[in-house]
Protein chains: 2
Amino acid sequence: MATISEVAAKANVSVATVSRVLNGSCKVSEERRRRVLQAVEELQYEPNLVGRMLRKSETRTLLVVFSIMLPDLIRGIKDAAAAAGYEVILQYSPGPDTDASQFAMLYRGMADGAILPEIQIDRTLLASLYDHFTIVQCGETTNDPQAHVVAVNNEEIACQMTRYLIEQGRKRIATVGIGDCQGNPAYFSRERREGARRALAEIGIPLDRQLHLDVQTGYRGGAEAADYFLSLPERPDAIFCFQDTVAVGCMQSLRRQGVAVPEDIAVAGFDDLEICRFIDPPLTSVKQPFYEIGREAVRTWMIIHHDQPKRSIGRQVRLAARLVLRESTGGSPVVVD
Amino acid sequence: MATISEVAAKANVSVATVSRVLNGSCKVSEERRRRVLQAVEELQYEPNLVGRMLRKSETRTLLVVFSIMLPDLIRGIKDAAAAAGYEVILQYSPGPDTDASQFAMLYRGMADGAILPEIQIDRTLLASLYDHFTIVQCGETTNDPQAHVVAVNNEEIACQMTRYLIEQGRKRIATVGIGDCQGNPAYFSRERREGARRALAEIGIPLDRQLHLDVQTGYRGGAEAADYFLSLPERPDAIFCFQDTVAVGCMQSLRRQGVAVPEDIAVAGFDDLEICRFIDPPLTSVKQPFYEIGREAVRTWMIIHHDQPKRSIGRQVRLAARLVLRESTGGSPVVVD
DNA sequence: CTTTAATTTGTAATCGATTTCCTTCTATTT
DNA sequence: AAATAGAAGGAAATCGATTACAAATTAAAG
C-alpha cells in the first residue's frame, strides 16, 4: 500500500500539496494538481485511516453493538453514517446481557461513539459509557431522561394490537416479554405490556399476573412460555409475544401439544421479521420501521455529538409502527396503518 | 481518555517506562512499576490502539465480511482471534454479490486481513484482495488452488443426504442451489449438486436438468423454486435445498398450494439453523460445525499470515458435517453421524 | 577505591496523515 | 520601476504509542 510520501515523491511535490489536493483546500495550481492525481492513480493510493485518525484526534467511526441481526436496521445505520462521512464497525454481542468487553474499541480510541440497537445492558456500565462518549440506543428503551433513544411507540402499538385481539373475541390475553439473565424485563417489554394492560382495562379486564411472563430471547423462550401457559388451569385464548422469534417458538410448542392456532389460541408477534410470512400459520405481528430507526439513530448521534453540551437532556425519538394482520390471530389478513 | 504521557507525568517517569511496564519488557524497577500501575489505575488508562497501530505498522485486527448471520461462526472467529490477540471488526454485506466498498477498511489500513464467511464475490476482486492481503474464505468454496478455504465436505455430505432420500423411496429428487445476480451458482452449490448427482448415478438415475435450479438466497428464492417445480408436468418427490432459509420458503409455498410435506414431496435443507426445529414439519438438514469453521478459519489465517511466502499454494481445510433427520423427509427422526 | 560491566531510565525517532507557519513567487498598483 | 498585496507551496509540528539508542545509575570485579 502506497503512502502519501510516495505519492509526493512520484508527483515531485511536497506531502502538504498532496494532502491539499485530496482534501479540497483548493489553492493548488492546475499543473501540480494534475501531477498529484496521476500519481494517486498510478500508485492506487488510498489515504491511511490510522494516520488520519491519529492526526485529527477523531476516528469518524461509529461502533454498533448488536445482539440480534436486523438487516434493515444495519442498512439504515450504514447509509446514514456513510452520508455523514462515517465508517461503521459492527460488534456482535450474543446473550441477554452485554458486558464491558464489547466496548473495548470505544475505550481504546477506535470509535467516536456507539449506536446500541436492541441491546440490554447494565445501568452502571451504560452510565459510564454516556459519561465518556456519545451513545444512542435504539429499539430498547429506558426511563432515563438523559439517554438518547430512537424507538417505536411501544405502548401505543401494543395497545392497538391488544384491542385487535379483543375485537377478535379474545378475552384471556397473555403476553410474553423479554428478560435478561436476572429476569428483569427489558424496558421495551414494560412499555408493550403497559399498552396491553391499557387495552384490557378499557373493557374492564384487570391484569392477571399469571398471564404475563418474561423469557429469554429466541425460539426456546417462546416454547417455554407456551409450556407454562398450557400448564395453567385456565389457559389463555391469545398470546402476544413481544418478539417474533419468541412467537415462532411458542406456536411450535402449542402445535406439538395439539393446540390449534388460531382456533384454540391466537398468537401475535412483534418486529415483523421475514419469517412471519413463511411459517404456518403466517404470524400476525407489529412492523417496526427498522431502516428508519437505524437512520434516525445515526442522525440523532450526529446532532448530539456536534451540538450538545455534555450530559444535558436526552433526545428521545419515537416512530410509528403498524399492525400486520395474518392468519395466526384469525380474522382476515390485512395491514392496518 | 488519558494518554501515555499523562500517565508518565502522574507516575513521574518517562513514557518509555510506562510502555515498558505495560508491554512486559520487564527491566523496570519494582518501585517505578508500582507507581506506573497506580497511575494507570487512577487515570483508567487504556492504550490508544490508533497510536499503536501507526507505530507498529500492524493493526492486529481482522475484517470479517458476512452476508448471512451465523452466530456460532462469528463466535468461533471471535474466540480464535481473541486467543491470538486480534480484534475483529464485522462488516455486513447483504445481497448476493459483495463489492469492493466492503473492503475499504482493508485498503485504508484498518485491518491486516480478512475472513470471508459465506461470501460470494467477483473473481477479479477476490484475486486483487489475495494480492495485497491475507484472505481466508469459509463456507463458500472455490476451485482456485491458491485460495485459502475452510468448509465442510459438501460433496460427500450432499451425497449422503441424497442417498438417504433414495432410501426413503424418493426417485425424482430435485435440488435448489444458490446463485448470484447473474445466475452463476455459488461454488458450494456445485459441490453439493455433484454429491447429489453421484448418489443418483449409483442407482442408475441420470441427471434431469429440469430438476436442478439456482435461486437467490432467502425464503423468497425457496418459494420461487417450489412454484417452478409444481409447474412441471412430472413433479419431483423430494427437494433438497442447499440452504435452510430456501427450504423454509419452499415448504411454505408447497403447503400453501396443497402439497403435503413429506407425504407428497420431501424437503431437506442445509446448515441446520435453529429454525429447523421450530417449523412444521421440522426440517431435515445438514448440520455444519459453524463454530469450528470460524475457529479454523482464523487459525488458518494466522498460519498463512505468519509463515507463508506470498501467493504459494492455498490451504484448504475440510471439516465433517452430519445429517440431522427430522419429519420433513418422512422416516424416523435421528441424527446420523 | 577505582575500573568495568550490567542494568535501568530517559531522549528522540518513527509510523502516515493533516495543518500551521513561513517563505517564495506572481500579479497588481502607484 | 518600486512597493505591496495575494497566492501557492514547502518545512516542520502534531497526534499517541513503541523502540533504538544514548545516558545514567548501580553492581561487580580488581
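Counting starts from 1 at the beginning of each chain's written sequence and moves along it residue by residue. Each chain gets a letter, beginning with A, and each ligand a number, beginning with 1, in the order they are written. Where totals are concerned, whole chains, interfaces and linings use all residues; where local detail is concerned, this predicted model gives features only for residues with pLDDT of at least 70, and gives and counts side-chain atom pairs only at 80 or more. As a rule here, side-chain values cover all heavy atoms of the structure and leave hydrogens and water aside.

> Can you lay out the domain arrangement of chain A for me, pointing to particular residues and giving the numbers?
Residue and element names in this part refer to chain A. When cut into domains, chain A gives domain 1 (4–47), domain 2 (57–151 + 290–319) and domain 3 (154–288 + 323–336). Its C-alpha centre places domain 2 at a distance of 29 Å from the equivalent point of domain 3. Contacts: residue pairs with any heavy atoms within 4.5 Å of one another. Listed per partner, the contact involves 14 residues of domain 2 and 16 residues of domain 3. When the two sides are added together, the surface that domain 2 and domain 3 hide from each other amounts to roughly 1,200 Å², 50% of it contributed by carbon and sulfur. When residues of domain 2 are sorted by the area they lose upon contact with domain 3, P96, Q120 and F290 head the list and together hold 37% of the total. Note on definitions: salt bridges are taken to be side-chain nitrogens of Lys or Arg within 4 Å of carboxyl oxygens of Asp or Glu. Our count for the contact surface shared by domain 2 and domain 3 stands at one salt bridge. Between R318 and E191 there is a salt bridge, with the nearest N and O atoms lying 2.9 Å from each other. Where each domain begins and ends follows an automated or database-derived domain assignment. Summed over both partners, the accessible surface that disappears when two parts come together, traced with a 1.4 Å probe, is what is meant by buried area.

> Could you give an account of the pairing of strand 2 (residues 87–92) of chain B, naming the residues involved and the relevant values?
Only protein chains enter the accessibility calculation, which uses a 1.4 Å probe. A residue is then buried if its area is under 20% of the maximum for its type, exposed if over 50%, and partly exposed in between. Each helix is a run of H or I in the DSSP string that is no shorter than four residues. Each strand is a run of E no shorter than two, and both are numbered from the N terminus. Taken across its six residues, strand 2 of chain B has five buried, putting it largely inside the fold. A crossover connection joins strand 1 (residues 61–66) of chain B to the parallel strand 2 of chain B through helix 5 (residues 71–83) of chain B; in handedness this β-α-β unit is right-handed. The path from the first strand over the helix to the second decides the hand: if it runs clockwise while the strands point away from the viewer, the crossover is right-handed.

> Give a detailed account of the pattern of salt bridges, specifying residues and quantitative values.
A full pass over the atoms with the stated rule returns 34 salt bridges over all chains. Linking D280 of chain A and R255 of chain B is a salt bridge whose minimum nitrogen-to-oxygen distance equals 3.8 Å. One end of the pair, D280 of chain A, is in the loop between strand 9 (266–268) and strand 10 (285–287); the other, R255 of chain B, is in helix 11 (residues 244–256), on a second chain. By relative accessible area, D280 of chain A is classed as partly exposed at 32%.

> Please provide a residue-by-residue account of the nonpolar core, values included.
Among the nonpolar cores identified, the biggest contains 156 residues, and I115 and L254 of chain A together with I115 and L254 of chain B are the most heavily contacted of them. Every residue in contact with I115 of chain B, bar those within four places of it in the chain, is listed here: L62, L63, V64, V65, I77, V136, C138, A297, V298 and W301 of chain B. For our purposes a nonpolar core is just a set of buried Ala, Val, Leu, Ile, Met, Phe, Trp, Tyr and Cys residues, chained together by side-chain atoms within 4.5 Å.

> Which residues make up the protein's contact with DNA strand D, and what values go with them?
Residues in close proximity to DNA strand D total 26 residues, the closest being T17 and R32 of chain A together with I4, N48 and R55 of chain B. Only heavy atoms are used to decide nearness, and a residue is near a molecule or strand if one of them lies within 4 Å of it. Restricting the count to atoms of DNA strand D within 4 Å of the protein gives a sugar and phosphate share of 63%. Two N or O atoms form a polar contact when they lie within 3.5 Å of each other; inside protein one atom must be a possible hydrogen donor and the other a possible acceptor, and for residues adjacent in sequence the pair counts only when both atoms belong to side chains. Here S14 of chain A contributes a side-chain N or O atom positioned 2.8 Å from a phosphate oxygen of DNA strand D. At the level of elements, helix 2 (15–23) and helix 4 (49–56) of chain A together with helix 2 (15–23) and helix 4 (49–56) of chain B are the ones that each hand at least two residues to the surface near DNA strand D. Here the nonpolar group is Ala, Val, Leu, Ile, Met, Phe, Trp, Tyr, Cys and Pro; Asp, Glu, Lys and Arg are the charged ones; every other residue, Gly included, is treated as polar. For the surface near DNA strand D, a count of residues per class yields nine nonpolar, nine polar and eight charged.

> Quick one: what's the story with the pairing of strand 1 (residues 61–66) of chain A, residue by residue and with numbers?
Residues and elements named next belong to chain A. Burial analysis of strand 1 places six of its six residues in the buried class, the great majority of the element. Side chains T61, L63 and V65 project from strand 1 onto one buried face, and the interleaved L62, V64 and F66 project onto a second face that is buried too. Alignment of strand 1 against strand 3 (residues 113–117), held across three bridges, turns out to be parallel. Paired with V64 across the bridge in strand 3 is I115. Think of it this way: DSSP has to see at least two bridges between two strands before they count as a pair.

> Now, about the layout of surface pockets: what can you tell me, with residues and values included?
Computed over the protein atoms alone on a 1 Å grid, cavities are sets of points where a 1.4 Å probe fits but cannot get out and pockets are open sets with protein on both sides within 12 Å along at least five of seven lines; a residue lines them when it has an atom within 4 Å of a point. Grid points are joined across faces, edges and corners, and a volume is the space filled by probe spheres set on the points. Taken as a whole, the second largest pocket holds about 1,100 Å³ of empty space. Every residue lining the second largest pocket is counted, 43 residues in all, and those nearest its centre are P47, N48, L49, V50 and G51 of chain A. Contributing elements (two or more residues each) for the lining of the second largest pocket: helix 1 (4–11), helix 2 and helix 4 of chain A together with helix 4 and helix 6 (104–107) of chain B. Per element, the largest residue contribution to the lining of the second largest pocket is seven residues, and it comes from helix 4 of chain A. In the lining of the second largest pocket, the residues fall into 17 nonpolar, 15 polar and 11 charged.

> Account for the relation of the copies chain A and chain B, naming residues and giving values.
Superposing copies: least-squares fit, C-alpha atoms only, residues required to have pLDDT of at least 70 in both. With an axial shift of 0.0 Å and an RMSD of 0.1 Å, the rotation relating chain A to chain B amounts to 180°. Expressed as an axis order, the relation between the two copies is that of a two-fold axis. Using C-alpha coordinates, one finds that chain A approaches the rotation axis most closely at L90 of chain A, a distance of 2.4 Å. Residue by residue, 100% of the interface of chain A is reproduced at the interface of chain B, so both copies engage with the same surface.

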